[in-house]
Amino acid sequence: MLAAVLHAKWDPKPEYKPTPKDIEGKLTYLGGLVWRYPQLKLEEKEKPKIKEDEVLIKVKACGICGSDIHMYESFEDGYIKYPGLTAFPVVLGHEFSGEIVEVGEKAYSPTGKKFEVGTPVTSEEMIWCGNCRACRDGFPNHCRNLEELGFTRDGAMAEFVAVPARCCWPITELIEEYGEEKGYEAGALVEPTSVAYNAMFERAGGIRPGAYVVIFGAGPIGLAAVALAKAAGAAKVIAIEVCERRLNLAKEVGADELINPSEVDSVEGKILELTNGEGADMYVEAAGAFEKTWPAIESAIWNGEKINAKVVAIGRATEHVPLWFEVLQVRRAQIYGSQGHSGHGIFPSVIRLMASGKVDLTPIITKRFKLEEVLDAMKLASEKKELHAKILIKPE
């Protein structure tokens, strides 16, 4: 089968200190300190052989994620930009949907019955073990033995991908609602939408209908947060983004007000203006630029009238930022860190929202490529970030 394989050289920096889970020359939890000179190649590989608890999926659509781009990109010294869990070489791709073509003997669906060949599905990217303390305590996103599709085990930028059945969810409703082509494309957007859902509703407890919600960053996760906030009954959703095209997409999926930081004197001042001096009930950081976004959030909370504001951290960044605890104490504000998308009924909830028509993120798809064109697709995604939200790879 054809597959997009990322290679890199194991070359630890002097400051690298192996974690107990690192495997020399193969796997690390600190990718940006270890992997150097990434190179993406289109290769012929054997079709995956499934285990008894796995299914083989013929890939219909696979999104390019910011994480894929950061593994593909490198700094001037050659080290990859992605800081986290990685094992190379690996087939990229974790936002996908497809059709089951082989079923293991113990590959059970959410109904408790064996999956059937022909079932349209999507999959969680986080392959949790179910045995460690974190999993047993109900926190699969923090699994001690975590594997990740497209990061540590072969992903879906290929004709086929093997996935544990416990991580797969049928998307029959999406196919019935949208038709096969658009249904599979919507299915590839379930994973990033579930990341936003987990952060806003599972970790932070959601919002009350009529709330004000401010979202920093209008990449795919931020755009999903916009659509979810609107579906949850937010009275006003404010999207903040420097890229005009992404701001327009935010408007298309539900944003009521748009702020381009380069066009205002004060982001926090504009937030207070648009919320009648109150500030927001929820601030979603999906930009991964805390050194720029946190001061604006902190100021808006401090100078606004709202008590009990929630700050949801989804974006990933390595920088430390100063935190003034007084704003948390006096304004009773709370910060919620979030990782992943698994458990808590998140995937089926997102699928149902999409099938109901209350959340339709297919407008954020800005370009489609064939699998044979994946090198061009990754180059475009890397060099023209400001022009695109979600780029899909479609093997067929």
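Residues numbered from 1 in each chain as written. Predicted model: local features only at pLDDT ≥ 70, side-chain atom pairs only at ≥ 80, totals over all residues. Heavy atoms only, no water.

Undergrad: How do you make sense of helix α12 (residues 374-383) when you look at a structure like this?
TA: Because an α-helix packs 3.6 residues into every turn, residues spaced three or four apart end up facing the same way. Among the residues of α12, those classed as buried are Val-374, Ala-377, Met-378, Ala-381 and Ser-382. Down the axis of α12, the buried side of the element spans an arc of 130°, and every buried residue falls inside it. Residues of α12 that are buried sit in contact with β1 (2-10), β3 (35-44), α1 (66-72), β19 (365-370) and β20 (390-394). (Buried < 20%, exposed > 50% of the residue type's maximum accessible area, 1.4 Å probe, protein only. Helix = DSSP H or I, 4+ residues; strand = E, 2+ residues; numbered from the N terminus. Arc of directions from axis to C-beta. Contact = heavy atoms within 4.5 Å.)

Undergrad: Help me understand the sheet that holds strand β15 (residues 257-259), please; the structure alone is not making it clear to me.
TA: What holds strands together in a sheet is hydrogen bonding between their backbones, with the strands either parallel or antiparallel. Taken in spatial order, the 6 strands line up as β15-β14-β13-β16-β17-β18 in an open sheet, and their pairing is parallel. At either end of the open sheet lies a strand with only one pairing partner, and these are β15 and β18 (334-337). Sheet twist, expressed as the average angle between the axes of neighbouring strands with direction ignored, equals 15°. Inspection of the sheet shows strand β16 (residues 282-285) paired to strand β17 (residues 310-313) by 4 bridges, in the parallel sense. Counted as the bridge partner of Tyr-283 is Val-311 from β17. (Pairing = 2+ DSSP bridges. Axes fitted to C-alpha atoms, helices over the stretch in contact; angles between N-to-C directions.)

Undergrad: Hey, could you run me through a nonpolar patch on the surface in this one?
TA: A cluster of nonpolar residues, Leu-323, Phe-325 and Ile-335, forms a patch on the protein surface that exposes about 270 Å² of accessible area. Positionally, Leu-323 belongs in the loop between β17 and α10 (325-330). For Leu-323, a relative accessible area of 34% puts it in the partly exposed group. (Patch = residues over 30% accessible without salt bridge, like charges linked within 9 Å, V, L, I, M, F, W, Y side chains within 5 Å. Areas by Shrake-Rupley, 256 points an atom, 1.4 Å probe, with all protein chains shown as cover. Salt bridge = Lys/Arg side-chain N within 4 Å of Asp/Glu carboxyl O.)

Undergrad: Can you help me understand the pattern of salt bridges in this one?
TA: All told, the structure shown has 22 salt bridges when counted by the stated rule. A salt bridge links Asp-11 to Arg-36; its shortest N-O distance comes to 2.9 Å. Linking Asp-11 in the loop between β1 and β2 (27-28) with Arg-36 in strand β3, this pair joins segments that are 25 residues apart in sequence. Residue classification places Asp-11 among the partly exposed positions, given a relative accessible area of 21%.

Undergrad: I keep staring at the sheet that holds β3 and nothing clicks. Help me out?
TA: The antiparallel open sheet is built from 3 strands, whose spatial order is β3-β1-β6. Two strands in the sheet have a free side with no partner beyond their single neighbour: β3 and β6 (90-91). The pairing of β1 with β6 spans 2 bridges and is classified as antiparallel. When the bridges of β6 are listed, Val-5 appears paired with Val-91. Across the sheet, α12 is in contact with β1 and β3; its angle to β3 comes to roughly 145°.

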